[in-house]
Each structure stands twice: as C-alpha cells, then as structure tokens.
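Listed here are the chains, written in short residue letters.
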Amino acid sequence: MDKEQLIKLAEGLYQEAFDANAYFLIIRQYGKMEKEYRPEMSLSPAFYSVVYEALQKACFIELAKLYDRTKGAYSIGTMLNFCEENLAFFSEYRDTVEIEDDGKKYVFPVPYQHSLKPAEECFFKEEVRMQRDFYKIFDSSSAETAPVKVELTFSQFLELYQKRYSSLSKKRENMSEQRNKIYAHNDRKGIFNQEEVLEKNPLFYTDMQELIEFALDAAGLIVGALTGVCKTRSYANIDDWEGTLMLVRLGLKYQSYDQEQEEKAFWEEFRSKEKEQTE
C-alpha cells in the first residue's frame, strides 16, 4: 500500500465514522424530544418510528464496517497495521522550529500534544500522577478531573492507539456477533432467539459511543498526519431537529388560536341571528 492509498483508506474510514456519529447523535436526541415534544411528535408517529429504527440499523452497520473482521476487509484495525508497516510515510514530529543565534541555526523538533482521555490514562500512570499532584497545589477540587497532557512522537501516538484498539476487543467481538447473527444475516439464532444473542453479546450506547469516538480519533490522526487537515467530528447543526419541533409547537398554538376565533365568531353570529328572530 502506497501513501496515497493509505490516505484514501483513512479518509474513507473517517467518513464512515463521521456518518455513524451523526446517526448516533440524532438517536440520542430521541429521549429528550419524546419527553419535551410528545404532542408535536405524535402528529406523525409512523415517520418518527421508522426513522428511529432506520437510524439504529444504519449506525450499527456503519460501526460494524469500521471494525469488520472479515478476511480481506479494510477496517480501523487494518489501517493501524498498515501505518505500523509504513512508518516512513510519517514524520515523527508534528513540526520543527528553527532558531538562529549568533549566526548559528538550531533546529528543535515539536512533538504532538495530546490530552489524555479517561480510557488512555492507564497507559500513562506516572504522567497522570505527576500532573494531578501538581494540580492539587493550586486547586484540589478539580485536580482529579483536570485534563492530563502528554507529548508524543508519531510512533508513540500510534502505539497508544493500538493499545486502545486492543482494549476494545470485547466490545468489538460483541458487535461482530450481533452484526453476523441479527443485522447482516438471517442467522438461526438471530431469527428464533434474538434475546439470547443480545444477552450473550451486549452492546450498550456507551459502548457504541466509545467505538465511534475511537474510530474518529484513529482515522483523524492518520488523515491529519498525512495531509495536515484537521477534520470536524460532526455537523455543526446536528441538533437542529429541536428547532423544527419548536416551529410545530408554535403552529399548533396558532391552530388552536384560529379554532378559538372561529368558534367565537360562530357563536357571535349565532346569537346575533337568534336575537333578530326574537325581535
């Protein structure tokens, strides 16, 4: 695999992760919308029911593709392996700084700066301890939650992500089993005993979110390192659905007001005619 092919692979995987994240973020909005806008959503219950089901299936299938274990399939795992086999494509450092002093030039490498996520802190126990102890000197209340930053070369960054990938093995396995037995094939167990498949291979929303975020992190790192482009992780207006429901609510209020006015006009006309008849 050459450099251009690796870039194309990473960009393709990133787009799949981006799509899965978009589906997932909308799915997570359903609970809030059903609670706060139930009358508005009840105007088209079939639509929302079908869309919710479609989003769940689309999200799961995109996620399963990202971690596909089928022989010959390209996935996040194969991308990381290709990167390890082709480290020559990457610069070990994010940048270099040149300083000239007294006619002499000095070149300093600039490593990657990375804020550790909670799942990554176990791989940097000493750095986490030292920085947390330092934070306690100034603010003990937020010391345990303050972000821990580390400096990494690209090789170290790749090694970190390979460790994270391995740590997700059980969740990846559960997702693969659900995909094979429920979503991708009409497996006997999936058709006749779906509950057993789900019980033995659970995959919660938190698991799906972790898998999506890792795919975005890993593919985003490779795209950024090879092209210098930092990609966005979601649509800027991914939460615009609520605006539509607010307009529906406003429309219902106007509809109610119009009905009240029509009813009021009807009774006024009725009483007027009744008065004319009595006179």
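All values reported here derive from a predicted model rather than from experimental measurement.

Asks: Is there a simple way to explain the pattern of salt bridges in this structure?
Replies: Charged atoms that come close allow side chains of opposite charge to pair. Under the definition given, this model contains 16 salt bridges. Ionic pairing is found between Glu242 and Lys32, a salt bridge with its closest N-O pair at 3.2 Å. Taken together, the residues span a long stretch of sequence, with Glu242 in helix α11 (residues 241-278) and Lys32 in helix α1 (residues 3-36) at a distance of 210 residues. Close ionic contact of Arg129 with Glu126 constitutes a salt bridge, the shortest N to O distance being 2.5 Å. One end of the pair is Arg129 and the other is Glu126, both in helix α5 (residues 125-138) and 3 residues apart, which spans about a single turn.

Asks: Which parts of the structure should I look at to understand the side chain of Glu40?
Replies: Of note, Glu40 is situated in helix α2 (residues 38-41). In this structure Glu40 comes out as buried when scored by relative accessible area, which is 6%. In terms of polar contacts, Glu40 uses its side chain to reach the side chain of Arg249, at 3.0 Å. Every residue in contact with Glu40, bar those within four places of it in the chain, is listed here: Leu245, Val248, Arg249 and Leu252.

Asks: Can you help me understand helix α4 (residues 76-85) in this one?
Replies: Think of an α-helix as turning once every 3.6 residues; residues three or four places apart then point the same way. Taken together, the buried positions of α4 are Ile76, Gly77, Met79, Leu80, Phe82 and Cys83. Considering only its buried residues, α4 is in contact with α1, α3 (45-66), α6 (154-167) and α10 (205-227).

Asks: Whenever I open this one, the pairing of strand β3 (residues 112-115) confuses me. Can you help?
Replies: The side chains of a regular strand alternate, first on one face of the sheet and then on the other. Only one face of β3 is covered, namely the face carrying Tyr112 and His114; the face carrying Gln113 and Ser115 is uncovered. In the sheet, β3 pairs with strand β4 (residues 149-152) via 4 bridges, with the strands oriented antiparallel. Counted as the bridge partner of Tyr112 is Leu152 from β4.

Asks: Just checking my understanding: could you explain the environment of Thr153 for this structure?
Replies: Topologically, Thr153 is positioned in the loop between β4 and α6. The exposure class of Thr153 is buried, given its relative accessible area of 12%. For the pair Thr153 and Thr206, spaced 53 residues apart in sequence, the C-alpha to C-alpha distance is 30 Å. Ignoring any residue separated from it by four or fewer positions in sequence, one finds Thr153 in contact with Glu92, Tyr93 and Tyr112.

Asks: Just checking my understanding: could you explain the environment of Glu121 for this structure?
Replies: If you trace the backbone, Glu121 turns up in the loop between β3 and α5. Between the C-alpha atoms of Glu121 and Thr70, which are 51 residues apart in sequence, the distance is 31 Å. The contacts of Glu121, once residues within four sequence positions are left out, are Leu116, Val128 and Arg132.

Asks: I tried to follow the packing of aromatic side chains on my own but got confused; where do I start?
Replies: One pass over the structure, following the stated rule, counts 16 aromatic pairs. Taking the centre distance of 5.2 Å and the plane angle of 75 degrees together, the rings of Phe47 and Tyr48 count as edge-to-face. Look at Tyr74 and Phe82: their rings are 6.0 Å apart centre to centre, the planes differ by 40 degrees, and that puts the pair in the tilted class. An aromatic cluster of three or more residues is present, and its members are Tyr67, Phe90, Tyr112, Phe154, Phe157, Tyr161, Tyr165 and Phe214. When the ring centre of Tyr161 is taken as reference, the NZ or CZ atom of Arg164 above it lies at 5.3 Å. When the ring centre of Tyr165 is taken as origin, the NZ or CZ atom of Arg172, which lies over that ring, is 3.8 Å away.

Thresholds, definitions, all that
- Residues numbered from 1 in each chain as written.
- Predicted model: local features only at pLDDT ≥ 70, side-chain atom pairs only at ≥ 80, totals over all residues.
- Heavy atoms only, no water.
- Salt bridge = Lys/Arg side-chain N within 4 Å of Asp/Glu carboxyl O.
- Helix = DSSP H or I, 4+ residues; strand = E, 2+ residues; numbered from the N terminus.
- Buried < 20%, exposed > 50% of the residue type's maximum accessible area, 1.4 Å probe, protein only.
- Polar contact = N/O pair within 3.5 Å; in protein donor to acceptor, adjacent residues only side chain to side chain.
- Contact = heavy atoms within 4.5 Å.
- Pairing = 2+ DSSP bridges.
- Phe/Tyr/Trp six-rings, centres within 6.5 Å; stacked < 30°, edge-to-face > 60°.
- Lys NZ or Arg CZ within 6 Å of the ring centre and 35° of its normal.

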